Amino acid sequence: FLIYERFVQGKASKWAELIQTLPGKSRSNPLFFGEADMQGLAGLLSESLVLNKRQQVAELWRKLSEKLSKNFPSLFPKTLFTAERFCWAMSIVDSRVHGVEFRDSGGKMHTSPGLVPMIDMFNYGGVDGLVPNVKSETTYPEGQPGGFVVARTTSRISKGGELLGEYLLHSKTRSNAGLLLKYGFVPPQNPA
């Protein structure tokens, strides 16, 4: 989806404005680590996790690219659906996806992974003296299948200031290796 919307639809995509806010190839994402970055992980648990993740993503790309280019060649030509673009899309999803709850037509609640515009732009607050200044919650109007997210600041934020959220609610139990692998960073004072 992200590859098609960014590289085929481009400005014509109904998601163009959102996609323009997404980072390109991020050096902080382990999928794009160079040799020097990998040497910095030598001997650590992070090294084996990153290598495993890279292998999983490469294998998934091989399987998907083969099937998609064969079954939908006009939508996924091999020149468009490249390994590098697939890694970019995976890094966006890994670092920005949220559990989105929705109500089915029978009223039962479900959770599905999804990108939530704006909420995914909050930086990490809660450690290293960075106090979260945004709280978000999902509201579900009665009788409606879906809901909406409301984000409110908890303190005054100056123009150009950072929005800091607690998007890692269980961050105290997350290892540095896990944070690096999923989000591409490790807080200097991780209490885990």
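Applying the stated criterion to the full structure yields two salt bridges. Here Asp94 ties to Lys53 by a salt bridge, and the two come within 2.6 Å at their closest N and O atoms. In this pair, Asp94 is assigned in helix 5 (residues 83–96) and Lys53 in helix 4 (residues 45–71), connecting sequence segments 41 residues apart. On the accessibility criterion, Asp94 (14% relative accessible area) is buried. Since its relative accessible area comes to 17%, Lys53 is described here as buried. With a closest N to O distance of 3.1 Å, Arg62 and Glu59 form a salt bridge. You can see Arg62 and its partner Glu59 sitting in helix 4, three residues apart, about one turn around the helix. Under the relative-accessibility criterion, Arg62 is labelled partly exposed at 43%.

To continue, consider the confidence of the model for the protein. Where the model shows low pLDDT, its predicted coordinates should not be examined in detail. For the protein, per-residue confidence averages 82 on the pLDDT scale, and residues scoring 70 or more make up 91% of the total. The secondary structure element of the protein with the lowest average pLDDT is strand 1 (residues 97–103), at 75, and the one with the highest is helix 4, at 90.

Let us now look at the packing of aromatic side chains. Overall, the coordinates contain three aromatic pairs when judged by the stated rule. Both rings, one in Phe7 and one in Trp88, keep their centres 6.0 Å apart while their planes meet at 80°; by these two values the pair is edge-to-face. Taken as a pair, Phe7 in helix 1 (residues 2–9) and Trp88 in helix 5 lie far apart in primary sequence, 81 residues in all. The class of Phe7 is partly exposed, set by a relative accessible area of 30%. When its relative accessible area of 4% is taken as the criterion, Trp88 is described as buried. Taking the ring centre of Trp88 as reference, the NZ or CZ of Arg6 above it sits at 4.5 Å. Looking at Arg85, its charged tip hangs above the ring of Phe7, at a distance of 3.8 Å from the centre.

Parameters and conventions
Residues numbered from 1 in each chain as written. Predicted model: local features only at pLDDT ≥ 70, side-chain atom pairs only at ≥ 80, totals over all residues. Heavy atoms only, no water. Salt bridge = Lys/Arg side-chain N within 4 Å of Asp/Glu carboxyl O. Helix = DSSP H or I, 4+ residues; strand = E, 2+ residues; numbered from the N terminus. Buried < 20%, exposed > 50% of the residue type's maximum accessible area, 1.4 Å probe, protein only. pLDDT = per-residue confidence, 0-100. Phe/Tyr/Trp six-rings, centres within 6.5 Å; stacked < 30°, edge-to-face > 60°. Lys NZ or Arg CZ within 6 Å of the ring centre and 35° of its normal.

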